[in-house]
Amino acid sequence: CGKKEEAPAAPANAPAAAAPAADKLKVGFMYVSPIGDGGWTYQHELGRKAIQEKFGDKIETSMVESVPESADAERVMRDMISQGNKLVFATSFGYQDFVQKVAADAKDVKFEHATGYKTADNAAVYDTKTFEGAYLAGIVAGAMTKTKTVGVVASVPIPEVVRNVNSFVLGAQSVDPSIKAKVVWVNEWFAPPKESEAATSLINGGVDVMYQNTNSPAVLKTAEERGARAFGKDGDMSAFAPKAHLGSAVIDWTPYYTKVVEDMLAGKWQTGNYWWGVKEGAIDLKKIADDVPQEIKDKVEQAKAGMKNGSFAVWTGPIKDNTGKEVLEAGKVADDAWLRGINFYVNGIEGTVPG
Ligand code: GUN
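Residues numbered from 1 in each chain as written. Predicted model: local features only at pLDDT ≥ 70, side-chain atom pairs only at ≥ 80, totals over all residues. Heavy atoms only, no water.

**Overview of the overall build of the protein**
Okay, so step 1: The secondary structure content of the protein amounts to ten helices and 14 strands.
Okay, so step 2: By the compact-globule yardstick of 20 Å for 355 residues, the protein fits well, its C-alpha radius of gyration being 22 Å.
Okay, so step 3: With the C-alpha coordinates of the protein rotated into their principal frame, the extents come out at 80 × 50 × 40 Å.
Okay, so step 4: A total of 355 residues make up the protein; the buried ones form 52% of that total.
Okay, so step 5: Considering only intrachain contacts with a sequence separation of at least 6, the fraction spanning at least 24 residues in the protein is 65%.
Okay, so step 6: Approximately 15,800 Å² of the protein is accessible, and the part contributed by carbon and sulfur atoms is 51%.
Okay, so step 7: Put simply, the protein has 40 plus and 46 minus side-chain charges, and the middle of one group is 1 Å from the middle of the other. (Helix = DSSP H or I, 4+ residues; strand = E, 2+ residues; numbered from the N terminus. Rg over C-alpha atoms; globule rule 2.2 N^0.38 Å. Buried < 20%, exposed > 50% of the residue type's maximum accessible area, 1.4 Å probe, protein only. Contact = heavy atoms within 4.5 Å. Areas by Shrake-Rupley, 256 points an atom, 1.4 Å probe, with all protein chains shown as cover. Lys, Arg positive; Asp, Glu negative; His and termini not counted. Charge placed at Lys NZ, Arg CZ, Asp CG, Glu CD.)

See below:
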């Protein structure tokens, strides 16, 4: 008793040990909110787990959650690199300048920045066409609002989010052009109490169906308490609000993460700007509520089919801003560069985009 047992020596014919960790591609993920957010970060985490499962012992993934968009992000990435990560996914817009800084110093590491626009030889950007999901949700909202006033709890005022707000409203107006919309900005990606307060103020202002571009189910939960309706975003949020839930615009990062790892393992990784949508299986409106009329479910399916075969684009003119000015002429389809610069509200949205 108390004497440590010596491990027996391995027999000469023992099978080779698993590949040592140094042979594996180490992949680090940096998240802005907790993996338990049920939305944005949770979906990235599902993507990380999916590639770990798929590539098995060829890769070793790890993650750091709740990393603010500040110098903390730089510190976390440098730490990931010192631990041997050769591929780093930085999954929030505000990491952009920190990615650029660290990438300039670590040329042997590849960086993937979600939703940014700055690239480098060793830093790519990628995103999902979340605005397509917002539009599909908008179709449902347009049919379900009784007050003819929909609302959005918005996060950080960058073109991506303004585009999503507008796309949701365009979807609603495709069902009823008279629909109006209100927006409340919380200026953060993940702030459940603020998200909830914003939802409350929208409901108090006459909104009965809400979308959000924040990371948590707080808006849905508030809708559930107040007898309003709302959508899940990024993740399937149906379980958080069984009565209020109208559908969830779910992102699937797995196809893109799989591609990046395949490219890395084949030595073919390249910088670039990747923007996948309904067509590539990166976004879909899921779990549409039972009480949504069948004709509206069909309309959603038609829009999706059009997004897949290229016959329908959300941003097709004529589109006017909320001062009445035409921003996209009749028949014109906006290109990616135009979409990336959207900084106005479409007709029917109250107020102005924060400057
Ligand atoms: N960080 C957390 N959520 C988001 C999001 O929806 N978009 C962007 N760009 N960054 C995020």
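**Looking at the sheet that holds strand 8 (residues 209-212)**
Okay, so step 1: Spatially, 7-6-8-9-10-12 is the arrangement adopted by the six strands of the open sheet, whose pairing is mixed. Each edge of the open sheet is held by one strand with a lone partner, namely strand 7 (180-185) and strand 12 (283-286). On average, adjacent strands in this sheet sit at an angle of 20 degrees to one another, irrespective of strand direction. (Pairing = 2+ DSSP bridges. Axes fitted to C-alpha atoms, helices over the stretch in contact; angles between N-to-C directions.)

**Let's talk about helix 5 (residues 159-173)**
Okay, so step 1: For helix 5, with 15 residues, the first-to-last C-alpha span of 21 Å sits near the 21 Å given by 1.5 Å per residue.
Okay, so step 2: Most of helix 5 is tucked away: 14 of the 15 residues are buried. (Expected span 1.5 Å × (residues − 1).)

**Overview of the site of the ligand**
Okay, so step 1: Around the ligand, the neighbouring residues are Val32, Trp40, Ser92, Phe93, Thr115, Glu160, Trp189, Asn213 and Asn215.
Okay, so step 2: One nitrogen or oxygen atom from the main chain of Phe93 is found 3.2 Å from a nitrogen atom belonging to the ligand.
Okay, so step 3: Thr115 is positioned with one of its side-chain polar atoms (N or O) 2.5 Å from a nitrogen atom of the ligand.
Okay, so step 4: Out of a free accessible area of 280 Å², the ligand has 100% covered by protein chains.
Okay, so step 5: Grouping the constituent residues of the shell around the ligand by class yields four nonpolar, four polar and one charged. (Near = heavy atom within 4 Å. Polar contact = N/O pair within 3.5 Å; in protein donor to acceptor, adjacent residues only side chain to side chain. Nonpolar A, V, L, I, M, F, W, Y, C, P; charged D, E, K, R; others polar.)

**Structural notes on the packing of helix 4 (residues 130-144) against helix 9 (residues 294-309)**
Okay, so step 1: At a minimum axis distance of 9 Å, the contact between helix 4 and helix 9 shows a crossing angle of 160 degrees. By the angle class used here, helix 4 and helix 9 are roughly antiparallel. Here helix 4 runs over helix 9; the crossing is right-handed. Packed against helix 4, whose contacting residues are Glu132, Tyr135, Leu136, Ile139, Val140 and Ala143, the element helix 9 presents Ile296, Lys299, Val300, Ala303, Lys304 and Met307 at the interface.
Okay, so step 2: Considering only residue class, the contact of helix 4 with helix 9 consists of nine nonpolar, no polar and three charged. (Parallel < 35°, antiparallel > 145°, perpendicular 65-115°, else oblique. Left-handed = near helix turned anticlockwise from the far one by under 90°.)

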